Amino acid sequence: MAIRVAHVGTGNVGGLALAELITNPQFELTGVCVSTPEKVGKDAGELCGVGLDAGFKEGRVTGIAAVNDLDAIVAAKPDCVVYCAMGDTRLPDAMADVMRILAAGINVVGSSPGLLQYPWGVMPDKYIARVEDAAQQGHSSIFISGVDPGFANDLIPFALAGTCQRIEQVRCMEIADYASYDGAEVMSYMGFGRPLDDVPMLLQPGVLTFAWGTAIRQLAAGLGVEVDEITQSIQREPAPEDFDIAVGRVAKGTQAALQFEIRGMSQGHPAIVIEHITRLRPDLRPDWPQPAAGGGSYRVEITGEPSYAVDIVPTSRRGDHNHAAIVGAAGRIVNAIPAVIAAPPGIATTLSLPLVTGKGLYTPTDLVAT
């Protein structure tokens, strides 16, 4: 019997997750909720490009029309809701949404609220308790993930660390050109195209530590590391001239490259480090680390015995490195649905879930859309 799922949010990650829910026979779609008025009433397939796309030669209409009503989604009583609504800039609303869904007895997987990837040691205990109470009330579970924070700094480093005799440091890096990324809200949130004396939300004091603290704390818990404090550092680089990117014009002197580190310190030593190097042009700050190939890659470096330096280069038949990474985030979320439904009530994490292998996703080459 197919798993009954509903979907909330059809942005960059959400649209790709929705396409997988529609095209994978493991799932039966019960509803779609959107926040943009222009999307209300549109068929779910149209919202995510599943029609003449995705290998369906004669097109596909789901018969599921998008609504702007979370009550309608909950009333259909799906087994799971895939929650991909924006959480970074509307954290209280996103938290309220998922608690409402959990209390109704519906499991949740999603890309937000990101703090629920591993909230212990990051969020105040009283807020964690509210989520856990809602899950206990509904006998439901929630799993939040992504790519970074997400599988690039939990699933992959844990797999490598499991082969080591000892570990001195784990460093997880995202090195990417974001010129093709079309998420205007996220780009502004990161400060791109904004004056250097204008400090965006992500770069406000303590926000990086808060946002990536989930990754630091989960790695620390899995590796048995006592993290005494989390520190951060930031470097910003201005545009040398005006130029255009996917979300618009970047004016000379505004932010065009960004490097930051979040460090989990143990007895004065940076035991766990998350580093991002984000450019809008490949020629900016050539002294910073470069991607392994193409416009972007993820790198996991373990210093220990043995030591590792592993580059992960996402590619896609349908887009560039930015698109491929988002496909990976959506896949990680959707593929976890059966395990999350089977999990005990509460907040599930990479540490508590069984390994999700993607079983049943193999498609013969002649059926794969190009």
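This text gives an overview of the structure that appears in the document. (Residues numbered from 1 in each chain as written. Predicted model: local features only at pLDDT ≥ 70, side-chain atom pairs only at ≥ 80, totals over all residues. Heavy atoms only, no water.)

Right, let's talk about the overall build of the chain for a bit. Regarding its fold elements, the chain presents 10 helices and 14 strands. Its C-alpha atoms give the chain a radius of gyration of 20 Å, near enough to 21 Å, the size a compact globule of 370 residues would have. Projected onto its principal axes, the C-alpha coordinates of the chain cover approximately 50 × 45 × 40 Å. Looking at the 370 residues of the chain, the share that counts as buried comes to 51%. Put simply, of all contacts in the chain between residues at least 6 apart along the chain, 71% involve residues at least 24 apart. Between the averaged position of the 26 positive side-chain charges in the chain and that of its 41 negative side-chain charges there is a distance of 1 Å. (Helix = DSSP H or I, 4+ residues; strand = E, 2+ residues; numbered from the N terminus. Rg over C-alpha atoms; globule rule 2.2 N^0.38 Å. Buried < 20%, exposed > 50% of the residue type's maximum accessible area, 1.4 Å probe, protein only. Contact = heavy atoms within 4.5 Å. Lys, Arg positive; Asp, Glu negative; His and termini not counted. Charge placed at Lys NZ, Arg CZ, Asp CG, Glu CD.)

The next subject is the environment of A271. When you line up the elements, A271 lands in strand 11 (residues 269-279). On the basis of relative accessibility, which here comes to 10%, the residue A271 falls in the buried class. Separated by 152 residues in sequence, A271 and P119 have C-alpha atoms that sit 19 Å apart. Once residues lying within four places of it in the same chain are set aside, the contact partners of A271 are E168, Q169, V170, V225, G264 and S266.

The next subject is the pattern of salt bridges. Think of it this way: side chains of opposite charge can pair up when their charged atoms draw near. Across all of its chains, the model carries 13 salt bridges by this definition. A cluster of three or more residues bridged by salt bridges with shared partners is formed by R171, E261, R263 and E275. (Salt bridge = Lys/Arg side-chain N within 4 Å of Asp/Glu carboxyl O.)

As a further point, take helix 1 (residues 12-23). Along an α-helix, residues three or four positions apart point the same way, because every turn accommodates 3.6 residues. The end-to-end C-alpha separation of helix 1 is 17 Å, in line with the 16 Å expected for 12 residues at 1.5 Å each. Within helix 1, 9 of the 12 residues are buried, which leaves the element mostly enclosed by the surrounding structure. When we look at burial in helix 1, the residues that qualify are V13, G14, G15, A17, L18, A19, E20, L21 and I22. Packed against the buried residues of helix 1 are strand 1 (3-8), strand 2 (27-33), helix 2 (44-48), strand 3 (80-83), helix 9 (321-335) and helix 10 (337-342). (Expected span 1.5 Å × (residues − 1).)

Looking now at the nonpolar core. Counting 80 residues, the largest nonpolar core has L29, V32, L202, L280 and I337 as its most contacted members. In terms of residue count, the dominant contributor to this core is helix 8 (residues 207-223) (7 residues). Sequence-distant contacts of L29, that is, excluding residues within four places in its chain, are made with V5, A6, H7, L18, L21, I22, A44 and I64. Counting residues in hydrophobic clusters, the runner-up holds 27 residues, among them L70, V74, A134 and A135. (Core = buried A, V, L, I, M, F, W, Y, C linked by side-chain atoms within 4.5 Å.)

Across the 12 residues of strand 6 (residues 166-177), 9 count as buried, placing the element largely inside the fold. Bridge count for strand 6 against strand 11 is 8 bridges, and the pairing is parallel. Across the sheet, E174 pairs through a bridge with H276, a residue of strand 11. (Pairing = 2+ DSSP bridges.)

Bringing the pairing of strand 12 (residues 296-305) into the picture now. In terms of burial, strand 12 is largely enclosed, as 7 of its 10 residues are buried. With 10 bridges connecting them, strand 6 and strand 12 associate as antiparallel partners. Each bridged residue has a counterpart across the sheet, and for Q169 the counterpart in strand 12 is T303. As paired strands, strand 12 and strand 13 (residues 308-312) are joined by 5 bridges and run antiparallel to one another. Bridging across to strand 13, V300 finds its partner in V310. Taking the residues between adjacent antiparallel strands as the criterion, strand 12 and strand 13 are bridged by 2 residues.

Note on placement: S141 falls in strand 5 (residues 141-144). Overall, the relative accessible area of 1% leaves S141 in the buried class. Sequence-distant contacts of S141, that is, excluding residues within four places in its chain, are made with L102, N107, V108, V340, A343, P344, P345 and G346.

Secondary-structure assignment places T278 in strand 11. Once residues within four sequence positions are removed from consideration, T278 is found in contact with E174, A176, Y178, M190, F192, A256, A257 and L258.

As a further point, take the sheet that holds strand 5. Spatial ordering of the open sheet is given by 2-1-3-4-5-14, a layout of 6 strands whose pairing is parallel. Strands with a single pairing partner mark the edges of an open sheet, and in this sheet they are strand 2 and strand 14 (346-348). Pairwise comparison of adjacent strand axes, ignoring direction, gives a mean angle of 20° for this sheet. Relative to the sheet, helix 4 (residues 91-103) contacts strand 3, strand 4 (107-110) and strand 5, its axis offset from that of strand 3 by approximately 170°. (Axes fitted to C-alpha atoms, helices over the stretch in contact; angles between N-to-C directions.)

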